[in-house]
Amino acid sequence: MDTFSLPDQKTFAFNIARPGWPLIGALAFFAALFALFGLGWAAAAFSGAALFVCFFFRDPQRPVPSGEKALVSPADGRVIFAGTADGKHFYPGECVKISVFMSVFNVHVNRIPESGKVKKIWYFPGRFFSANLDKASEQNEHNAIFLETDRGHAICVVQIAGLIARRILCDISGGDSVKRGERLGMICFGSRVDLYLPPDFTLSVKKGDRVKAASSIMGYLE
């Protein structure tokens with residue numbers, strides 16, 4: 001049975017991802033300004049928007065399973081594909097692919113699925129189809145992170161922009177050593193993350209499952 005640890009303990013009970021603070025600050029400023037001039041409806045609207053942005057950019061602490069072979073979800077959301085696929089330019093030949101769709105209501109901070117080293121990062125400035133469509137994997141704007149795990153497995157994590165999401169944030173670089181469950185970045189306002197894994201990967205999830213970044217086990221690397 002897998003045990004869990006809390007490697008990223010925070011000072012506050014409710015944490016907000018760093019990219020959200022400038023937007024929250026701007027909305028709060030205008031809410032205060034409109035309140036000062038007696039424009040209650042405008043102040044309420046900006047206050048509500050600030051609260052929604054706080055909710056969207058929330059960054060909760062997550063327990064991370066410590067099992068040696070376990071691979072965790074890189075994103076919160078719903079599994080829309082889990083099975084064998086052609087790796088195209090993300091993985092050589094046939095592989096196991098898992099796609100997680102994030103709605104605007106999910107936590108959007110992405111996490112490292114397994115400890116290892118970042119071999120390279122490839123950004124593609126594509127289009128903006130709805131992220132739940134099959135063609136989004138290749139044609140949408142995306143950021144592919146190629147990892148070699150500590151046990152020598154090649155895996156690829158792909159952040160994919162959606163119909164509304166137009167901003168992919170990646171906080172890691174080629175050559176970085178990373179740990180399972182660490183934050184790797186985020187995608188703003190509805191999007192998708194794909195995982196490309198070795199063909200002998202043992203799946204623990206199926207289409208329709210709800211998963212949480214860093215905590216949900218997607219399967220096991222043999």
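Analysis parameters
Residues numbered from 1 in each chain as written. Predicted model: local features only at pLDDT ≥ 70, side-chain atom pairs only at ≥ 80, totals over all residues. Heavy atoms only, no water. UniProt positions renumbered as here; feature names shortened; annotations may be inferred. Helix = DSSP H or I, 4+ residues; strand = E, 2+ residues; numbered from the N terminus. Buried < 20%, exposed > 50% of the residue type's maximum accessible area, 1.4 Å probe, protein only. Contact = heavy atoms within 4.5 Å. Pairing = 2+ DSSP bridges. Core = buried A, V, L, I, M, F, W, Y, C linked by side-chain atoms within 4.5 Å. 1 Å grid on protein atoms, 1.4 Å probe; cavity = no way out; pocket = protein on both sides within 12 Å on 5 of 7 lines; lining within 4 Å. Points joined across faces, edges and corners; volume = space filled by probe spheres on them. Nonpolar A, V, L, I, M, F, W, Y, C, P; charged D, E, K, R; others polar. Phe/Tyr/Trp six-rings, centres within 6.5 Å; stacked < 30°, edge-to-face > 60°. Lys NZ or Arg CZ within 6 Å of the ring centre and 35° of its normal. Salt bridge = Lys/Arg side-chain N within 4 Å of Asp/Glu carboxyl O.

1. Re the UniProt feature "modified residue: Pyruvic acid (Ser)" (unreviewed entry) in the protein chain
Line of reasoning, step 1. The feature "modified residue: Pyruvic acid (Ser)" (unreviewed entry), as given by UniProt, occupies Ser191 in the numbering adopted here.
Line of reasoning, step 2. Secondary-structure assignment places Ser191 in strand E13 (residues 191–197).
Line of reasoning, step 3. Of the residues examined, Ser191 reaches a relative accessible area of 0% and is grouped as buried.

2. Looking at the side chain of Asn110
Line of reasoning, step 1. Along the chain, Asn110 falls in strand E6 (residues 109–111).
Line of reasoning, step 2. Since its relative accessible area comes to 1%, Asn110 is described here as buried.
Line of reasoning, step 3. The residues touching Asn110, leaving out its near neighbours within four places in the chain, are Pro74, Ala75, Met102, Gln159, Glu182, Arg183, Leu184, Gly185, Met186, Ile187 and Val193.

3. Let's talk about the sheet that holds strand E9 (residues 154–161)
Line of reasoning, step 1. In space, the 8 strands of this open sheet follow the order E11-E7-E8-E9-E13-E5-E4-E15, with antiparallel pairing throughout. Every other strand in the sheet has two partners, leaving strand E11 (177–178) and strand E15 (210–211) as the edge strands with one partner each.
Line of reasoning, step 2. Bridge count for strand E4 (residues 77–86) against E15 is 2 bridges, and the pairing is antiparallel. Counterpart to Arg78 in the pairing with E15 is Arg210.

4. Considering the nonpolar core
Line of reasoning, step 1. Judged by nonpolar contacts, the single largest core of 27 residues is most densely connected at Leu71, Ile98, Leu197 and Met218.
Line of reasoning, step 2. Those elements giving two or more residues to this core turn out to be strand E5 (94–102), strand E8 (142–149), E9, strand E12 (183–187) and E13.
Line of reasoning, step 3. Per-element accounting of this core gives the leading share, 4 residues, to E5.
Line of reasoning, step 4. Excluding anything up to four places from it in sequence, Leu197 contacts Leu71, Tyr91, Cys95, Val96, Ile98 and Ile155.
Line of reasoning, step 5. Grouped together as the second largest cluster of nonpolar side chains are 14 residues, Ala17, Ala50, Phe56 and Val107 included.

5. Description of the sheet that holds strand E3 (residues 70–72)
Line of reasoning, step 1. Spatial strand order, E3-E16-E14: 3 strands in an open sheet with antiparallel pairing. Unpaired on one side and paired on the other, E3 and strand E14 (202–203) mark the two borders of the sheet.
Line of reasoning, step 2. Across 3 bridges, E3 lies against strand E16 (residues 217–220) in antiparallel orientation. Paired with Leu71 across the bridge in E16 is Gly219.

6. A closer look at empty space enclosed by the protein
Line of reasoning, step 1. Per the counting criterion, the structure on display carries 1 cavity of 30 Å³ or more.
Line of reasoning, step 2. A volume near 30 Å³ is recorded for the largest cavity.
Line of reasoning, step 3. Around the largest cavity, the lining residues are Asp59, Pro60, Arg62, Asp76, Val107, Val109, Arg111 and Ala213.
Line of reasoning, step 4. A breakdown of the residues in the lining of the largest cavity according to their chemical character gives 4 nonpolar, no polar and 4 charged.

7. Here's the deal with the packing of aromatic side chains
Line of reasoning, step 1. For the structure on display, the rule yields 8 aromatic pairs.
Line of reasoning, step 2. Measuring from ring centre to ring centre gives 6.3 Å for Phe90 and Trp122, while their planes differ by 50°; the resulting arrangement is tilted. Taken together, the residues Phe90 in the loop between E4 and E5 and Trp122 in strand E7 (residues 116–124) connect sequence positions 32 residues apart.
Line of reasoning, step 3. Aromatic rings pair up to connect Phe29, Phe30, Phe34 and Phe46 into one cluster.
Line of reasoning, step 4. Above the plane of the ring of Phe55 lies Arg58, whose end atom (NZ or CZ) is 4.0 Å from the centre.
Line of reasoning, step 5. The ring of Phe146 carries the charged tip of Lys120 above its face, separated from the ring centre by 4.9 Å.

8. Some points on the pattern of salt bridges
Line of reasoning, step 1. A full pass over the atoms with the stated rule returns 9 salt bridges.
Line of reasoning, step 2. Here Asp76 and Arg62 are joined by a salt bridge, their closest N and O atoms 2.8 Å apart. Of this pair, Asp76 sits in the loop between E3 and E4 while Arg62 sits in the loop between helix H2 (40–56) and strand E2 (64–65), and the two are 14 residues apart along the sequence.
Line of reasoning, step 3. Classification of Asp76 by relative accessible area gives buried; the value is 6%.

9. Thoughts on the pairing of E9
Line of reasoning, step 1. Most of E9 is tucked away: 7 of the 8 residues are buried.
Line of reasoning, step 2. Linking E8 back to E9 in an antiparallel pair, the connection comprises 4 residues, with Gly152 at a positive phi of about 90°.
Line of reasoning, step 3. Relative to E13, E9 is paired through 6 bridges, and the arrangement is antiparallel. Along E13, the bridge assignment pairs Ala161 with Ser191.

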